[in-house]
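Here is what each chain is made of, one letter per residue.
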Amino acid sequence: MSKNFWQSVILGVAMVSLCCAQSLRREADNTGTLIGTAVRPSLFLETAYASTLAREFSMVEPEDAMKWRALRPDANTYDFRQGDEVVHFAQIHQMKVRGHCLVWDHDNPDWLAHGHFTSRDLSRLLHEHITRVMKHYKGQVFAWDVINEAMDEKGNVRDSIWYNEPGIGLSEKDTAYIEQVFRWARKADPHALLFYNEAEGEGLNRKSDAIYAMMKDFKGRGVPINGVGLQMHVPTLELDTSALAASLSANIARLTALGLQVHITELDVALPIDANGVSRPDDLVREADLYRGIVRACLGHAGCTAIQTWGFTDKYSWIGSHSRHTRGQGLPFDRTYQPKSAYRAVLEELSAGRLPPH
Ligand code: XIL
């Protein structure tokens, strides 16, 4: 056989494996689910980062690039450069973009957080911000976390600059300011899906009861809202996977019964790590087990339409930054972009498709 012949065989095999290899994205497409991840646009120039992202995911969400701190260097300026990079990457790779987040009490620039504005000023600033940002990304961002983490663990509306410190002037009824921001958002972009995004209210508990009650009230009164984002940062392995999955599934069931979509928005599983940043092999298996249970719980409900991890490689994860480097390795790919057991668990569940909940 000629050298050319073997060269073309090798090329052919490489092309077939490239075109038809299994990926999270392909399996999710077959299931009619979006598989997403949070991204940092400064990393798009890293080849392994960009190629893994494009191959495996059908949706991206800026980890920080669309927060007030990134978009608003001062009260009169909008800097859309980083957010636009995310949109551009997504368009080239036929991915959807989830926007995050228009209203939050964190990650705000100092001029806003410490500006001692009056309620009237804050109301004007917030209305203008929502309108301007959503109009800029109209048709490019298909779903927005309009408001993030507005409730505390007891299910009360959290103290915040937008609620009552001093608030936008609607603190007399606890959820009134939340309702207002959804109304502004709907006006700014009539077609975007509008989400309420929250932490630690994924399963059945006091917080998720309060979120459910608010959603029921909003839906009943025609407040424009399309879905709930369940963050799903799993902080510990001391959890029973089947109990967690059952509780999550029950919460998804009641939310979707209201006609809302559910997105899993910030999934990661923080593992204990040693001084070298290494976790125990058993813990990687437990991690995969938790990923599997969570993905299965979502796929059990037609209304759970997207699953998103908070980053995808352990090389770049927020977990280390908030846990003093005693926890890490929470994502589906390791630091060298090799798929972990957690990746294989997600892939298998997506391949199995949408099964009814147990
Ligand atoms: C985190 C980012 O990952 C960090 O880069 C940033 O420094 C702080 O915020 N819940 C959210 C996210 O909704 O916006 C947070 O992201 C993680 C917790």
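Residues numbered from 1 in each chain as written. Predicted model: local features only at pLDDT ≥ 70, side-chain atom pairs only at ≥ 80, totals over all residues. Heavy atoms only, no water.

1. Some points on helix α9 (residues 206-221)
Relative to the 22 Å expected for 16 residues at 1.5 Å per residue, α9 spans 23 Å between its end C-alpha atoms, a close match to the ideal helical length. Along α9, the residues classified as buried are K207, S208, A210, I211, M214, M215 and F218. Relative to the axis of α9, the buried residues are bounded by an arc of 155° and lie together on one face. When the buried face of α9 is taken as reference, the exposed residues oriented beyond 90 degrees from it are R206 and G220. Two or three places before K207, at the opening of α9, N205 has a side-chain oxygen 3.1 Å from that residue's backbone nitrogen. (Helix = DSSP H or I, 4+ residues; strand = E, 2+ residues; numbered from the N terminus. Expected span 1.5 Å × (residues − 1). Buried < 20%, exposed > 50% of the residue type's maximum accessible area, 1.4 Å probe, protein only. Arc of directions from axis to C-beta. Polar contact = N/O pair within 3.5 Å; in protein donor to acceptor, adjacent residues only side chain to side chain.)

2. Regarding helix α3 (residues 47-56)
Every buried residue of α3 is listed here: Y49, A50, T52, L53, A54 and E56. For α3, the elements touching its buried residues are α2 (24-31), β1 (34-39), β2 (59-62), α5 (81-92) and α13 (341-352). (Contact = heavy atoms within 4.5 Å.)

3. Comments concerning the packing of aromatic side chains
All told, the structure shown has 16 aromatic pairs when counted by the stated rule. Considering the side-chain rings of W68 and W111, the 6.3 Å spacing of their centres and the 55° angle between planes classify their relative orientation as tilted. Here W68 is found in helix α4 (residues 68-71), whereas its partner W111 is found in helix α6 (residues 110-113), with 43 residues between them in sequence. A single burial state applies to W68 and to W111, both of which are buried. Plain terms: the ring middles of W68 and W162 are 5.4 Å apart, the flat faces sit at 40° to each other, and that makes the pair tilted. One end of the pair, W68, is in helix α4; the other, W162, is in the loop between β4 (143-148) and α8 (176-188), and 94 residues separate them in sequence. Cluster of aromatic residues (ring-pair linked, three or more members): F44, Y49, F57, F89, F312, Y316, F333, Y337 and Y343. Above the face of the F195 ring, R98 is positioned so that its terminal group lies 4.8 Å from the ring centre. Against the face of Y78 rests R132, its NZ or CZ located 4.4 Å from the ring centre. (Phe/Tyr/Trp six-rings, centres within 6.5 Å; stacked < 30°, edge-to-face > 60°. Lys NZ or Arg CZ within 6 Å of the ring centre and 35° of its normal.)

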